[in-house]
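The residues making up each chain are set out below.
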Amino acid sequence: MGDVQRACSQYICKTYARLPVTFVKGKGCRLWDASGKEYLDFLAGIAVCNLGHCHEEITRTLCDQADTLIHVSNLFYTHPQVELARELTRLSFADKVFFSNSGAEANEAAIKLARKHSNDRHGPGRFHIITMRNSFHGRTLATLSATGQEKVHKGFEPLVEGFTFADFDSLSSVEAAITDRTCAVMVEPIQGEGGVHIPSPKYLAGLRDLCTRHDLLLIYDEVQVGMGRTGLLFAHEHEKVTPDIMTLAKALGNGLPIGAMLATDRVAEAFVPGSHATTFGGTPLVTAVALRVLRIISDETFLRGVREKGIYFLERLLQLKEQRPVIRHVRGRGLMIGVELDRPGQPMVEKLLSRGYIANCTHERVLRFVPPLTVTEEEMDRFIAALDICLREETP
Ligand SMILES: *Cc1c(COP(=O)(O)O)cnc(C)c1O
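Residues numbered from 1 in each chain as written. Predicted model: local features only at pLDDT ≥ 70, side-chain atom pairs only at ≥ 80, totals over all residues. Heavy atoms only, no water.

Side note on the overall build of the protein
Argument step 1. Counting its regular elements, the protein contains 14 helices and 15 strands.
Argument step 2. For the protein, the C-alpha radius of gyration of 21 Å lies close to 21 Å, the compact-globule estimate for 396 residues.
Argument step 3. Referenced to the eigenvectors of the C-alpha coordinate spread, the extents of the protein come out at roughly 60 × 55 × 45 Å.
Argument step 4. Taking as baseline every contact in the protein between residues at least 6 positions apart, the subset at least 24 positions apart corresponds to 71%.
Argument step 5. For the protein, the distance from the average site of its 46 positive side-chain charges to the average site of its 48 negative ones is 2 Å. (Helix = DSSP H or I, 4+ residues; strand = E, 2+ residues; numbered from the N terminus. Rg over C-alpha atoms; globule rule 2.2 N^0.38 Å. Contact = heavy atoms within 4.5 Å. Lys, Arg positive; Asp, Glu negative; His and termini not counted. Charge placed at Lys NZ, Arg CZ, Asp CG, Glu CD.)

Below, the structure is given as structure tokens:
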């Protein structure tokens, strides 16, 4: 074990099961460790570095803004924050934005807004939010309570009150969970941490319809699937069904910490001065970078490229599935791809890593591939070849 790894276990809380690599440098889809070994990165910091590592234009924007203005607090106005909000609303269903520093905080803002909106209109007591089993919404107390996974709750009880779970991709399950205390339904348009699950066509339309009929807010958690990951700027655009609230984070800053909660005016008006706040949310530094990220990713030619790459990668994986029976399912949209094995995926992640290929495993058996959206066909071919070698070593 190297010095860094020893010091890490001495000085840093043991909340992560880290793999034994220390990275020192990145460029595009490639990373280098401390020994100079090169890796092909198909994880992108967990769907964060959608434009790859140290993207030239992003780095330039970051350095220029760092040289101009970094932080002044939300007691004042700054140009980059307003410009980013204008662009996010222009490109989405939303009219208003609240900036946070992470996905969990964006979801906290969404949960608070849904409760406040309901409280303003219906009085207290109508604060329950329906979320899905196997969902993931974050690790703060409210968002872990919203997360439909027992392993995330365990040891942190009592949980925040007011979350009810329904089965993902089942409208009848959501309908059965609605009571006169329900104020919202929160869902990932594609479940990420839950194992890359894409719901049936018309699922979002069905949820929208249920919400409209019962006067509930529909909240999309696009923290992982938004920002071009699926080949459209936002994943719900595939279904053309808009929510009342949407959250973003991971790829919004290409590695800088920024989250955002977007809402329609009708809903956002429940937030008034004093309702919600965060010291760091929407600093000129992170919003200048996010604005640049958004301009690059929202370009239609760029997004078409992501869709084409996604189709290519998925087809290659489906071919591999024919030859390697350890692969149970291959599913994906754009460059959000899950390969479900018939066995635990972590050993495969470690084998890939030792060969210089980075992926991760979610939900025990699902290998998750979320490369930078700038990945090339040649890089995908190399990755498939490495995966094939690793799978070939598995017993059938
Ligand atoms: C990662 C993630 C979160 C939490 O984001 P953090 O920035 O880690 O707080 C919330 N929802 C989804 C869908 C995520 O993938």
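With respect to the nonpolar core
Inside soluble globular proteins, nonpolar side chains tend to come together where they are buried.
Argument step 1. Counting residues in hydrophobic clusters, the biggest one holds 79 residues, and the most contacted among them are F313 and F369.
Argument step 2. Here the element with the most residues in this core is helix α11 (residues 284-297); it accounts for nine residues.
Argument step 3. Core analysis: the next-biggest nonpolar cluster, separate from the first, contains 22 residues, C183, M186, I245 and A263 among them. (Core = buried A, V, L, I, M, F, W, Y, C linked by side-chain atoms within 4.5 Å. Buried < 20%, exposed > 50% of the residue type's maximum accessible area, 1.4 Å probe, protein only.)

Quick look at the sheet that holds strand β15 (residues 366-369)
Argument step 1. As summarised here, the arrangement of the four strands in space is β11-β12-β15-β14, forming an open sheet in which the pairing is antiparallel. With one partner strand each, in any of the chains shown, β11 (327-333) and β14 (360-362) form the two edges of the open sheet. The mean angle between the axes of side-by-side strands here comes to 30 degrees, regardless of whether they run parallel or antiparallel.
Argument step 2. Two elements, β11 and strand β12 (residues 336-341), share six bridges in a ladder whose sense is antiparallel. Bridging from a neighbouring strand, G332 pairs with I337 of β12.
Argument step 3. Packed on one face of the sheet, helix α13 (residues 346-354) meets β12, β14 and β15 and runs near 170 degrees to β14. (Pairing = 2+ DSSP bridges. Axes fitted to C-alpha atoms, helices over the stretch in contact; angles between N-to-C directions.)

Looking at the state of the cysteines
Argument step 1. According to the stated counting rule, one finds zero disulfides in the structure shown.
Argument step 2. The cysteine C29 is free of any disulfide, with C49 supplying the nearest cysteine sulfur at 10 Å.
Argument step 3. Classification of C29 by relative accessible area gives buried; the value is 3%. (Disulfide = S-S within 2.5 Å.)

Concerning α13
Argument step 1. Those residues of α13 lying buried are M348, V349, L352 and L353. Taken end-on, α13 shows its buried residues confined to a sector of 140 degrees, consistent with a single buried face.
Argument step 2. In the core, the buried residues of α13 are packed alongside β3 (38-41), β12, β13 (357-358), β14, β15 and α14 (377-392).
Argument step 3. G356 sits one or two residues past α13 and shows a positive phi near 95 degrees. (Arc of directions from axis to C-beta.)

Thoughts on the pattern of salt bridges
Argument step 1. Evaluation of the coordinates by the stated rule reveals 25 salt bridges.
Argument step 2. Where R355 meets E393, a salt bridge forms, and the shortest distance between an N and an O atom there is 3.3 Å. On the criterion of sequence distance, the pair formed by R355 in the loop between α13 and β13 and E393 in the segment after α14 is long-range, its members being 38 residues apart.
Argument step 3. We note a salt bridge from D388 to R392, for which the minimum N-O separation is 3.1 Å. Linking D388 with R392, this pair stays in helix α14, spanning four residues, or about one helical turn. (Salt bridge = Lys/Arg side-chain N within 4 Å of Asp/Glu carboxyl O.)

Quick look at the packing of α13 against α14
Argument step 1. Where α13 contacts α14, the two axes come as close as 10 Å, and the packing angle between them is 125 degrees. In terms of orientation, α13 and α14 fall into the oblique class. In this structure, α13 meets α14 at a crossing whose hand is right-handed. Together, M348, K351 and L352 of α13 and F383, A386, L387, C390 and L391 of α14 make up the contact between the two elements.
Argument step 2. Here the contact of α13 with α14 is built from residues that sort into seven nonpolar, no polar and one charged. (Parallel < 35°, antiparallel > 145°, perpendicular 65-115°, else oblique. Left-handed = near helix turned anticlockwise from the far one by under 90°. Nonpolar A, V, L, I, M, F, W, Y, C, P; charged D, E, K, R; others polar.)

Quick word on the site of the ligand
Argument step 1. In the vicinity of the ligand, the residues found are S102, G103, A104, N107, F136, H137, G138, E188, D221, V223, Q224 and K250.
Argument step 2. Between the ligand and A104 there is a distance of 2.8 Å, counted from an oxygen atom to a backbone nitrogen or oxygen.
Argument step 3. Between the ligand and Q224 there is a distance of 2.7 Å, counted from an oxygen atom to a side-chain nitrogen or oxygen.
Argument step 4. Relative to its unbound accessible surface of 390 Å², the ligand loses 81% to contact with the protein.
Argument step 5. For the shell around the ligand, the leading source of residues is helix α5 (residues 103-122), giving three residues.
Argument step 6. Along the lines of polarity and charge, the residues of the shell around the ligand split into three nonpolar, six polar and three charged. (Near = heavy atom within 4 Å. Polar contact = N/O pair within 3.5 Å; in protein donor to acceptor, adjacent residues only side chain to side chain. Areas by Shrake-Rupley, 256 points an atom, 1.4 Å probe, with all protein chains shown as cover.)

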